[in-house]
Amino acid sequence: MSIGIGLIGTGWIGEQHVLRLANVVSGARVVAVTDIDLESAGKAAASVGARVIDTAERLIEDPEVEAVVVTSWGPAHAEQVLACIAAGKPVFCEKPLITEIADGQRILKAEQAFGRRLVQVGFMRRYDAGYRQMKKVLDSGEIGEPLIAHCVHRNPSVREAYTTEMAAKDTAVHEVDTLRWLLGEEFASVQTILPRKTSKRFEHLQDPQIFLFATASGVRVDVEAFVNCQYGYDIQCEIVGEDGAVRLPDPAEPEVRKAGQASVPVLYEFGDRFADAFDVELQEWVDRLLAGAEPTGPSSWDGYAATVVVDAAVRSLHSGAIVPIDLGERPEFYA
């Protein structure tokens, strides 16, 4: 038994997901692909024997498409997800779920009106083995109540199109979702701090940035986003509790001892660091579909909450102020 999947958007992550769904994830068949660049869609479709459909709307409506993966341009996500809900089809949407807060409210209302969860958001860190081990430690109470969290998100470099606001919206958003999940509570405020700029950046860009968050219970979280660090792709997380601390392990790499030194390589590419997490994420999503069950991964509420938080961080970027975060009451539907 397998699920017929249609994919919207064949950029880098979309192309990777086409191959992942066809060659790695069991129980999935990529039956249709679309993109605003139909030539790109054609290449992706040909690699897995799928059909090309000329618009996202027609792909969602296609009877052979039983579930949809959205990996298109971020501002297009909301309407495509809403179309999937209207068609009653499960949809896996890469982040961001929304780029406008009002669209998040529309998605929440539409899904609740449908009566069951259809949407999963692609925050893949929840599927990384190291983060899952951290979650088990925290949930066990082994280190006591969390007090402080320290996070680092470093990229070797970014393209010229990367903007200062993207440090929150595209980079630190991963830490926002991960910390909400690890700590099991919402953020209440954020302040964006601007350190001295690195000279190894495009002139328009403020880099690095530091985000200071407070949760509803008073846990303090600092997130460093440094997207031109030069040396590699480095993700760090430590949570300090009343009785101990838990730290995210680095990816396993061999230590080399030579010429009086011991060294361990640092991964350089984002895709290398979280390739396994992407595989597990999509496999668990497909497994739930095959079982006829609702998804258990990041929900529409999680996608909405992450965008509200990073929007507040952007407001603080421009004002320098501590900005309160008001998500409103979480619907019981997403409990």
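Look above for the structure.
Criteria and cut-off values
- Residues numbered from 1 in each chain as written.
- Predicted model: local features only at pLDDT ≥ 70, side-chain atom pairs only at ≥ 80, totals over all residues.
- Heavy atoms only, no water.
- Helix = DSSP H or I, 4+ residues; strand = E, 2+ residues; numbered from the N terminus.
- Rg over C-alpha atoms; globule rule 2.2 N^0.38 Å.
- Buried < 20%, exposed > 50% of the residue type's maximum accessible area, 1.4 Å probe, protein only.
- Contact = heavy atoms within 4.5 Å.
- Lys, Arg positive; Asp, Glu negative; His and termini not counted.
- Charge placed at Lys NZ, Arg CZ, Asp CG, Glu CD.
- Salt bridge = Lys/Arg side-chain N within 4 Å of Asp/Glu carboxyl O.
- Pairing = 2+ DSSP bridges.
- Axes fitted to C-alpha atoms, helices over the stretch in contact; angles between N-to-C directions.
- 1 Å grid on protein atoms, 1.4 Å probe; cavity = no way out; pocket = protein on both sides within 12 Å on 5 of 7 lines; lining within 4 Å.
- Points joined across faces, edges and corners; volume = space filled by probe spheres on them.
- Nonpolar A, V, L, I, M, F, W, Y, C, P; charged D, E, K, R; others polar.

### Section: the overall build of the protein
Then step 1. Along the protein, the regular secondary structure elements total nine helices and 15 strands.
Then step 2. At 20 Å, the protein has a C-alpha radius of gyration in line with the 20 Å of a compact globule built from 335 residues.
Then step 3. C-alpha extents for the protein along the principal axes are approximately 55 × 55 × 45 Å.
Then step 4. Sorting the 335 residues of the protein into buried and exposed places 53% on the buried side.
Then step 5. In the protein, the proportion of contacts linking residues at least 24 apart, taken out of those at least 6 apart, comes to 72%.
Then step 6. Within the protein, the 50 negative side-chain charges are centred at a point lying 2 Å from the centre of the 32 positive side-chain charges.

### Re the pattern of salt bridges
Then step 1. Applying the stated criterion across every chain, the model contains 23 salt bridges.
Then step 2. A salt bridge links Glu284 to Arg132, with the nearest nitrogen and oxygen atoms 3.0 Å apart. Placement of the pair is Glu284 in helix 8 (residues 270-290) and Arg132 in helix 6 (residues 129-140), with a sequence separation of 152 residues.
Then step 3. The exposure class assigned to Glu284 is partly exposed, which follows from its relative accessible area of 29%.
Then step 4. What emerges from the salt-bridge pattern is a single network uniting Arg126, Asp177, Arg180, Glu186, Asp302 and Arg330.

### Some details on unusual backbone geometry
Then step 1. For the bond running from Lys95 to Pro96, omega is 0°, close enough to zero to count as cis.
Then step 2. Turning to its location among the elements, Pro96 is positioned in the loop between strand 5 (91-94) and helix 5 (101-114).
Then step 3. For the bond from Asp207 to Pro208, the omega torsion is 5°, close enough to zero to count as cis.
Then step 4. Its identity as a non-glycine residue notwithstanding, Gln230 has a phi of 80°, on the positive side.
Then step 5. Relative to the elements of secondary structure, Gln230 occurs in the loop between strand 10 (220-226) and strand 11 (234-241).
Then step 6. Residue classification places Gln230 among the partly exposed residues on the basis of a relative accessible area of 38%.
Then step 7. Positioned with a positive phi, Ala259 is a non-glycine residue whose angle comes to about 50°.
Then step 8. Residue classification places Ala259 among the exposed positions, given a relative accessible area of 76%.

### Considerations on the sheet that holds strand 8 (residues 187-193)
Then step 1. Taken in spatial order, the seven strands make up an open sheet running 12-11-7-10-9-8-15, and their pairing is mixed. Because the sheet does not close on itself, it has two edges, and the strands there are strand 12 (245-247) and strand 15 (323-324).
Then step 2. Of the strands in this sheet, strand 7 (146-154), strand 8, strand 9 (209-215), strand 10 and strand 11 are in contact with helix 7 (residues 166-183), which crosses strand 7 at around 150°.
Then step 3. This element, helix 9 (residues 300-319), spans strand 8, strand 9 and strand 15 of the sheet and lies at about 35° to strand 8.

### Brief notes about empty space enclosed by the protein
Then step 1. Under the criterion given, the structure shown has one cavity of 30 Å³ or more.
Then step 2. Taken as a whole, the largest cavity holds about 40 Å³ of empty space.
Then step 3. Lining of the largest cavity is provided by Gln120, Tyr127, Glu281, Glu284, Trp285, Arg288, Thr296 and Gly297.
Then step 4. Residue contributions to the lining of the largest cavity peak at four residues, all from helix 8.

### Some words on the layout of surface pockets
Then step 1. Its boundaries defined by the atoms lining it, the second largest pocket holds a volume of some 260 Å³.
Then step 2. Every residue lining the second largest pocket is counted, 15 residues in all, and those nearest its centre are Asp128, Ala129, Pro251, Arg273 and Asp276.
Then step 3. Of all elements in the fold, only helix 6 and helix 8 reach the threshold of two or more residues within the lining of the second largest pocket.
Then step 4. Grouping the amino acids of the lining of the second largest pocket by side-chain chemistry returns nine nonpolar, one polar and five charged.

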